[in-house]
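Examining the three-dimensional arrangement
Single-letter residue listing:
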Amino acid sequence: QLQACGGGLVQPGGSLRLSCAASERIFTSYGVGWFRQAPGKEREFVAGVSGSGTRTGYARLVEGRFTISRDNAKNTVYLQMDNLKPEDTAVYYCAADRDSIRDYSALPIYYDYWGQGTLVTVSS
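These numbers come from a predicted model, not from an experiment.

Positionally, Ser105 belongs in the loop between β9 (90-97) and β10 (113-114). Among the polar contacts made by the side chain of Ser105, one reaches the main-chain amide nitrogen of Leu107 at a distance of 3.0 Å. Beyond its immediate chain neighbours, meaning those up to four positions away, Ser105 contacts Phe35, Phe45, Tyr110 and Tyr111.

Below, the structure is given as structure tokens:
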């Protein structure tokens, strides 16, 4: 199971750090992705990290502002979000991919486990 938390209300230009905690140690071999879904829009890829944490990737809209990382000793993946913009407002989900060949994927279909989502609102 995955548990996402850390969302909230923040002003434009502010920062938040989301956490995704897993209940199983095997999580350390899974690629993890963060996705988001705004009202009326499809779920979109935000960032991904490989099981080892050595490979990461970002959506163009967040590159340079968001940083994904993981602490496998704590079975936790983080998404540091800086310089937030109103268009970043969405429910953010973390997901884990148990395929050991893939580092991570930008496609939701490849993910086997999903967290419950945490709401991020960027507004003044």
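The next point concerns a nonpolar patch on the surface. A surface patch of nonpolar side chains, amounting to about 330 Å² of accessible area, comprises Leu107, Ile109 and Tyr110. Secondary-structure assignment places Tyr110 in the loop between β9 and β10.

The full count for this structure, using the stated rule, is 6 aromatic pairs. Plain terms: the ring middles of Phe35 and Phe45 are 5.7 Å apart, the flat faces sit at 70° to each other, and that makes the pair edge-to-face. Taken as a pair, Phe35 in strand β4 (residues 31-37) and Phe45 in strand β5 (residues 44-49) lie far apart in primary sequence, 10 residues in all. Grouping residues by exposure puts Phe35 and Phe45 together as buried. With a centroid separation of 6.3 Å and 5° between ring planes, the pair formed by Phe45 and Tyr104 is classed as stacked. Remark: Tyr104 occurs in the loop between β9 and β10 and Phe45 occurs in strand β5; sequence separation between them is 59 residues. Its relative accessible area of 24% is what places Tyr104 among the partly exposed residues.

Turning next to the pairing of strand β8 (residues 76-81). For a regular strand, the rule is simple: side chains alternate between the two faces of the sheet. β8 sits mainly inside the fold: 5 of its 6 residues count as buried. Here strand β3 (residues 16-22) pairs with β8 via 6 bridges, running antiparallel. Looking at the pairing, Arg17 lines up with Gln80 of β8. Relative to β8, strand β7 (residues 66-71) runs antiparallel, the two sharing 6 bridges. For Arg70, the partnering residue across the bridge sits in β8 and is Val77.

With 33 residues, the main nonpolar core has Trp34, Val46, Phe66, Val77, Leu79, Met81 and Tyr92 as its most contacted residues. When contributions to this core are tallied by element, the ones reaching two or more residues are β1 (2-5), β3, β4, β5, β7, β8, β9 and β11 (118-122). In terms of residues, this core owes the most to one element, β9, which gives 5 residues. Apart from residues lying up to four places away in sequence, Met81 is in contact with Gly14, Ser15, Leu16, Leu18, Arg65, Phe66, Tyr92 and Val120.

Our focus in this paragraph is the state of the cysteines. Within this structure, the stated rule accounts for 1 disulfide. Across a sulfur-sulfur distance of 2.2 Å, Cys20 and Cys94 are joined as a disulfide pair. Measuring the twist about the S-S bond at about 75°, one finds the Cys20-Cys94 disulfide to be right-handed. One end of the pair, Cys20, is in strand β3; the other, Cys94, is in strand β9, with 74 residues separating them in the sequence. Just as Cys20 is buried, Cys94 falls in that class too. Of all cysteine sulfurs, the one in Cys20 lies closest to Cys5, which takes part in no disulfide; the gap is 8.8 Å.

Conventions we followed
- One numbering rule holds for all chains: residues counted from 1, following each sequence as written.
- Residue-level local features of this predicted model are given only where pLDDT is at least 70; pairs of side-chain atoms are given and counted only at 80 or more, and the full residue set underlies all totals for whole chains, interfaces and linings.
- The basis for every side-chain value is the complete set of heavy atoms in the structure, and neither hydrogens nor water enter the calculation.
- Helix and strand assignments follow DSSP, with helices taken as H or I runs no shorter than four residues and strands as E runs no shorter than two, numbered in order from the N terminus.
- Polar contacts, as used here, are pairs of N or O atoms within 3.5 Å; protein pairs need one atom able to donate a hydrogen and one able to accept it. Residues neighboring in sequence count only if both atoms are side-chain atoms.
- Any pair of residues with heavy atoms lying within 4.5 Å of one another is described as a contacting pair.
- Patch definition: residues with relative accessible area over 30% and no salt bridge; like charges joined within 9 Å; nonpolar side chains (Val, Leu, Ile, Met, Phe, Trp, Tyr) joined within 5 Å.
- For the area figures, the Shrake-Rupley method with a 1.4 Å probe applies, and any residue is considered shielded solely by the protein chains shown.
- One speaks of a salt bridge when a side-chain nitrogen belonging to Lys or Arg is within 4 Å of a carboxyl oxygen belonging to Asp or Glu.
- Pairing of aromatic side chains requires ring centres within 6.5 Å, counting the rings of Phe and Tyr and the six-membered ring of Trp. Pairs whose planes differ by under 30 degrees are stacked, by over 60 edge-to-face, and all others tilted.
- Residue exposure (1.4 Å probe, protein chains only): buried if accessible area is under 20% of the type maximum, exposed if over 50%, otherwise partly exposed.
- In this analysis, strands are considered paired if DSSP registers two or more bridges between them.
- Grouping buried Ala, Val, Leu, Ile, Met, Phe, Trp, Tyr and Cys residues that are joined through side-chain atoms within 4.5 Å yields what is termed a nonpolar core.
- Note that a disulfide, as used here, is simply two cysteine sulfur atoms within 2.5 Å.

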